[in-house]
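Topology and contacts: notes
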Amino acid sequence: FQLIFNETIECLKYSDRYNIIINKYISEGFNIIDKWSSIKQVPLVANYKVMALNILYIFGYYKEALKYSQLDNKTNSAMLGKIIITEHCFYYVLTIMALYKDFSEREKEIYIEIIEESLRRIKVWVKNSPENFLHKYLLIKAEKARILNEDLKAMELYDKAIEESISRGFINIA
């Protein structure tokens, strides 16, 4: 994830690098994934997909981010037990909610189930490590309330998520 951090900083500091980095993920990313898949580098594929999902989400390329969020069984298995799976879960759900208004009614039903399942997973992580996951859980709950037009609930949850993020030193989430 150091690469994500470095490339995100490059995007923020230098507008000319921003276009190069974003375009790399949009135009070249799946060629890289195909190459690594062909030589059975599943962990690299998993890391790259999560890195692309993360950076594309952060910079507002939600449709492109959603493409990277799709994981097959091999890629998903490569992430089990690693912190990267928590990052995938977090940014995948945020991406879904960023695009939610554009989905068909059928897609909304499917994605609400994915959101609910993700919240259940994150809740387990919160029980084991609230200092690392409570702020993410609260943010996802706030976003869910927002997409369901529960504005007051969303505002309260956003405030809690911000407070928790700041108190734990996760100012990038706040």
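Here, every reference points to the structure presented above.
Residues numbered from 1 in each chain as written. Predicted model: local features only at pLDDT ≥ 70, side-chain atom pairs only at ≥ 80, totals over all residues. Heavy atoms only, no water.

**Brief notes about the environment of Leu56**
Cut-off, in case you're wondering: Comment: elements are numbered from the N terminus, with helices defined as DSSP H or I runs of at least four residues and strands as E runs of at least two. To sort residues, take the accessible area from a 1.4 Å probe on protein chains only and compare it with the maximum for the residue type: under 20% means buried, over 50% means exposed, and anything in between is partly exposed.
Residue placement: Leu56 occurs in helix α3 (residues 42-58). Taking relative accessible area as the criterion, Leu56 reaches 0% and is therefore assigned buried. C-alpha of Leu56 to C-alpha of Tyr91: the two residues are 35 residues apart in sequence and 9.7 Å apart in space.

**Structural notes on the side chain of Thr95**
This is how the line gets drawn: The definition of a polar contact used here is a pair of N or O atoms within 3.5 Å, where within protein one atom must be able to donate a hydrogen and the other to accept one, and adjacent residues in sequence count solely through side-chain atom pairs. Whether two residues are in contact is decided by their heavy atoms, any of which lying within 4.5 Å being enough.
The residue Thr95 is located in helix α6 (residues 84-99) in this model. A polar contact of 2.7 Å, which involves the side chain of Thr95, links it to the backbone oxygen of Tyr91. Discounting chain neighbours no more than four positions away, the residues touching Thr95 are Leu53, Tyr57, Tyr62, Ala65 and Leu66.

**Brief notes about the environment of Tyr62**
By the element assignment, Tyr62 lies in helix α4 (residues 62-69). Given the relative accessible area of 28%, Tyr62 is considered partly exposed. Counting along the chain gives 33 residues from Tyr62 to Thr95, while the straight-line C-alpha distance between them is 5.8 Å. Setting aside residues up to four positions removed in sequence, Tyr62 forms contacts with Leu56, Tyr57, Thr95, Ala98 and Leu99.

**A look at the packing of aromatic side chains**
For clarity, the threshold we go by: A pair of Phe, Tyr and Trp rings is counted when the ring centres sit within 6.5 Å of each other, with Trp represented by its six-membered ring. The angle between the planes then sorts it: under 30 degrees is stacked, over 60 is edge-to-face, the rest tilted.
As enumerated under the stated definition, the model contains six aromatic pairs in all. Both rings, one in Tyr57 and one in Tyr62, keep their centres 5.3 Å apart while their planes meet at 50°; by these two values the pair is tilted. Taken together, a centroid distance of 6.4 Å and an interplanar angle of 85° make the contact between Tyr100 and Phe103 edge-to-face. Take Tyr100: its relative accessible area is 9%, and that puts it in the buried class. With relative accessibility at 12%, the residue Phe103 sits in the buried group. Among the aromatic side chains, those forming a connected cluster through ring pairs are Tyr57, Tyr62, Phe90 and Tyr91.

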